[in-house]
Amino acid sequence: MDLTPELEHRFATARSEQDNYQPSDGVRRVIKDKTLVMIVAPAAMGKSYVISRAIEANPRFAQTVSFTTRDPRAGDDGNMRTIPRDNEHIGILLDLIESGQVVNYTIFPTTGMMYGTDLSSYPGEVNLMPTLANSAETLRRTGFGECITIGLVAPLDTWQMWFNTRFPELTQEKTARLKEALLSISWLLQDSSVRWLINRDGEIDTVAQELITIAENDVVTHQDTAISYARAIREYIVETLK
């Protein structure tokens, strides 16, 4: 980003203070009546597809719309609002952060791109959010009435097929997505509060209903199998990145 020195300083300050950010009291009064369901998974695991089918199946559910300074991607499917990386728009965004008017934000360590949400991001009673692992802890502290974390996984060969279909060539973007995937899987495996969901090829309606059941009843399903899939994916990524 080509920012003025003042904005560069403010952006650096936002980066250094992101782990301790808290929204204003007014923002917290609104979100205390909402449920947030964070879905953490590697790229190409089918997060957006599962979320969209769950929303179709249950009117209480809605998809969050986050903001980001990164360029749009083909898989965003309406869940990302792009903020131009210019002085005017970044200045407005920093004003909102400094006054506590965003719900959360995070600046991704490998790219310097910012992701976050504001009150307009949560239109439903139960809000489903594809979530980066490094923003999950911050979201848990923001004051939602209930906050559930779901780790979405699939058998290794199934995920490899989906991932390589989306990223057929070995590019910098593919490597970056693998690094993000490793971060997500490693974080999920270290968190005992995670509820696991297995995305099975050709069974999207069943998977969506299982997501709804987890969100409404906070049930535990397929934990051991899902964890074994997550470990296999982690081992594969570690070997691939060597």
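See the structure above.
Values in this document were obtained by computation on a predicted structure and should not be read as measured data.

A separate point is the pattern of salt bridges. Per the counting criterion, the structure on display carries 16 salt bridges. Salt-bridge contacts for Glu 125 lead to Arg 60; the nearest nitrogen and oxygen are separated by 2.9 Å. Here Glu 125 is found in the loop between strand 6 (114–118) and strand 7 (126–130), whereas its partner Arg 60 is found in the loop between helix 3 (47–57) and strand 2 (61–63), with 65 residues between them in sequence. The partly exposed category is assigned to Arg 60, whose relative accessible area is 32%. Across the pair Arg 200 and Glu 203 runs a salt bridge, and its minimum N-O distance is 2.9 Å. Note on Glu 203: relative accessible area 35%, which makes it partly exposed. Residues joined by salt bridges that share partners form a network here, namely Arg 10, Asp 95 and Glu 98.

Phi at Ala 44 is positive, roughly 70°, even though this residue is not glycine. Mapped onto the secondary structure, Ala 44 falls in the loop between strand 1 (35–40) and helix 3.

Our next topic: the sheet that holds strand 4 (residues 80–82). The strand order across the open sheet built from 4 strands is 4-3-6-5, with neighbouring strands paired in mixed fashion. Pairing within the sheet leaves two strands with one partner each, and these edge strands are strand 4 and strand 5 (102–107). Recorded for the sheet is a direction-independent mean angle of 25° between the axes of neighbouring strands. The pairing of strand 3 (residues 66–68) with strand 4 spans 3 bridges and is classified as parallel. Residue pairing across strands places Thr 68 opposite Thr 82, the latter belonging to strand 4. In the packing of helix 1 (residues 5–17) onto the sheet, the strands contacted are strand 5 and strand 6, and the crossing angle to strand 5 comes to about 95°.

Further remarks concern the nonpolar core. Met 45, Leu 128, Ile 150, Trp 159, Leu 197 and Leu 211 are the most contacted members of the largest nonpolar core, which has 53 residues in total. Residue contributions to this core peak at 7 residues, all from helix 8 (residues 204–217). Apart from the residues lying within four places of it in its own chain, the contact partners of Met 45 are Leu 152, Val 153, Ala 154, Trp 159, Trp 162, Asn 199 and Ile 233. Counting 15 residues, the second-largest nonpolar core is a separate cluster that includes Tyr 21, Ile 90, Leu 94 and Tyr 105.

Turning our attention to helix 8. For helix 8, which comprises 14 residues, the first-to-last C-alpha distance of 20 Å matches the rise-based estimate of 20 Å (1.5 Å per residue) to within 8%. Residues of helix 8 that are buried include every one of Ile 204, Val 207, Ala 208, Glu 210, Leu 211, Ile 212, Ile 214 and Ala 215, and no others. Looking at the buried positions of helix 8, the neighbouring elements they touch are strand 1, helix 3, strand 2, strand 7, strand 8 (146–153) and strand 9 (195–198). Just beyond helix 8, the residue with positive phi is Asp 218, at close to 50°.

Running from N to C, helix 7 (residues 172–190) and helix 9 (residues 223–241) cross one another at 140°; their axes reach a closest spacing of 9 Å. Pair helix 7 / helix 9 crosses with left-handed handedness. When helix 7 is examined against helix 9, the residues Thr 175, Leu 178, Lys 179, Ala 181, Leu 182, Ile 185, Ser 186 and Leu 189 are found in contact with a partner set consisting of Ile 227, Ala 230, Arg 231, Ile 233, Arg 234, Ile 237, Val 238, Thr 240 and Leu 241. Looking at the contact of helix 7 with helix 9 residue by residue, the class counts come to 11 nonpolar, 3 polar and 3 charged.

The contact between helix 5 (residues 133–140) and helix 7 brings their axes to 8 Å, and the two run at 45°. Between helix 5 and helix 7, the angle is such that the two are oblique. Between helix 5 and helix 7, the contacting residues are Ala 133, Ala 136, Glu 137 and Arg 140 on the first element and Leu 183, Ser 184 and Trp 187 on the second. Tallied by class, the residues present in the contact of helix 5 with helix 7 amount to 4 nonpolar, 1 polar and 2 charged.

Moving on, we come to the packing of aromatic side chains. Within this structure, the stated rule accounts for 6 aromatic pairs. Judged by centre distance (6.4 Å) and plane angle (70°), the rings of Phe 108 and Tyr 115 are edge-to-face. For Phe 108, a relative accessible area of 3% corresponds to the buried category. Here the aromatic rings of Trp 159 and Tyr 236 are separated by 6.2 Å at their centres, their planes lie at 85°, and the arrangement is edge-to-face. Taken as a pair, Trp 159 in helix 6 (residues 156–166) and Tyr 236 in helix 9 lie far apart in primary sequence, 77 residues in all. Taking the relative accessible area as the measure of exposure, Tyr 236 reaches 24% and is therefore partly exposed. Here the aromatic residues Trp 159, Phe 163, Phe 167 and Tyr 236 are joined through ring pairs into a cluster of three or more.

About the thresholds
Residues numbered from 1 in each chain as written. Predicted model: local features only at pLDDT ≥ 70, side-chain atom pairs only at ≥ 80, totals over all residues. Heavy atoms only, no water. Salt bridge = Lys/Arg side-chain N within 4 Å of Asp/Glu carboxyl O. Helix = DSSP H or I, 4+ residues; strand = E, 2+ residues; numbered from the N terminus. Buried < 20%, exposed > 50% of the residue type's maximum accessible area, 1.4 Å probe, protein only. Pairing = 2+ DSSP bridges. Axes fitted to C-alpha atoms, helices over the stretch in contact; angles between N-to-C directions. Contact = heavy atoms within 4.5 Å. Core = buried A, V, L, I, M, F, W, Y, C linked by side-chain atoms within 4.5 Å. Expected span 1.5 Å × (residues − 1). Left-handed = near helix turned anticlockwise from the far one by under 90°. Nonpolar A, V, L, I, M, F, W, Y, C, P; charged D, E, K, R; others polar. Parallel < 35°, antiparallel > 145°, perpendicular 65-115°, else oblique. Phe/Tyr/Trp six-rings, centres within 6.5 Å; stacked < 30°, edge-to-face > 60°.

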